[in-house]
Amino acid sequence: MAIAAARRRAASGEPAIVTVDDVTATASQYYGYVVEREQAAAALRHAFEAAGGQSDCMTDAFD
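Within each chain, residue numbers correspond to sequence positions counted from 1 in written order. Per-residue local features are limited, in this predicted model, to residues with pLDDT of at least 70; the limit for side-chain atom pairs, both in listing and counting, is 80 or more; totals at the level of whole chains, interfaces and linings are taken over all residues. Calculation of side-chain values draws on the structure's entire complement of heavy atoms; hydrogens and water are dropped beforehand.

Peer 1: Please clarify how the packing of aromatic side chains should be interpreted in this entry.
Peer 2: The description of an aromatic ring pair uses the distance of the two centres, along with the angle that the planes make with each other. Put simply, two rings from Phe, Tyr or Trp (the six-membered ring, in Trp's case) pair if the centres are within 6.5 Å, and we call them stacked under 30 degrees between planes, edge-to-face over 60, tilted for the rest. One pass over the full model with this rule turns up one aromatic pair. Measuring from centroid to centroid gives 6.0 Å for tyrosine 31 and tyrosine 33, while their planes differ by 20°, and the two rings are stacked. In this structure tyrosine 31 comes out as partly exposed when scored by relative accessible area, which is 49%. Between buried and exposed lies partly exposed: a residue is buried under 20% and exposed over 50% of the maximum accessible area for its type, with that area taken using a 1.4 Å probe on protein chains only.

Peer 1: Even after reading the chapter, I still don't get the nonpolar core, so can you show me in this structure?
Peer 2: Nonpolar side chains tend toward joint burial in soluble globular proteins. We call a set of buried Ala, Val, Leu, Ile, Met, Phe, Trp, Tyr and Cys residues a nonpolar core when their side-chain atoms join them within 4.5 Å. With 13 residues, the main nonpolar core has Ile3, Val18, Val20, Leu44 and Phe48 as its most contacted residues. Working definition: helices are DSSP H or I runs of at least four residues, strands are E runs of at least two. Numbering for both runs from the N terminus. Among the secondary structure elements, those contributing two or more residues to this core are helix H1 (2-9), strand E1 (16-18), helix H2 (20-31) and helix H3 (37-50). Considering each element in turn, this core owes the most residues, four residues, to H3. Contacts are residue-level and defined by heavy atoms, with any inter-residue pair within 4.5 Å sufficient. In contact with valine 20, other than residues within four places in its own chain, are Arg37, Ala40, Ala41, Leu44, Asp60 and Ala61.

Peer 1: Any chance you could explain H3 here in plain terms?
Peer 2: Each turn of an α-helix holds 3.6 residues, which means side chains three or four residues apart point in the same direction. Expected helix span is taken as 1.5 Å per residue step, with the number of steps being one fewer than the number of residues. A rise of 1.5 Å per residue sets the reference length of H3, with its 14 residues, at 20 Å; its end C-alpha atoms lie 20 Å apart and thus fit the reference within 8%. Along H3, the positions that sit buried rather than exposed are Ala40, Ala41, Leu44 and Phe48. On an axial view of H3, the arc spanned by its buried residues comes to 100°, and they lie on one face. Looking at H3, the residues exposed on the side facing more than 90 degrees away from the buried face are Glu38, Gln39, His46, Glu49 and Ala50. Its buried side turned inward, H3 meets H1, E1, H2 and strand E2 (57-59). Positioned one or two residues after H3, glycine 52 has a phi angle of 75°, which is positive. The arc in question is traced by the directions running from the helix axis to the C-beta atoms.

These results come straight from atomic positions and should not be treated as a statement about function.
Structure below.
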């Protein structure tokens, strides 16, 4: 959901930027979950790797 929201926010022709904080906020807002930053980063890395790197997106999950 955080990746999809980042894509909607991105300007035409620019990559979507999805952060670990976006993932924690989405988990809290939509599901009421408190997710640790490292868990959110791992989930975001998994999503990126499963989709082959998502060349239209950038993230801080690998930092």
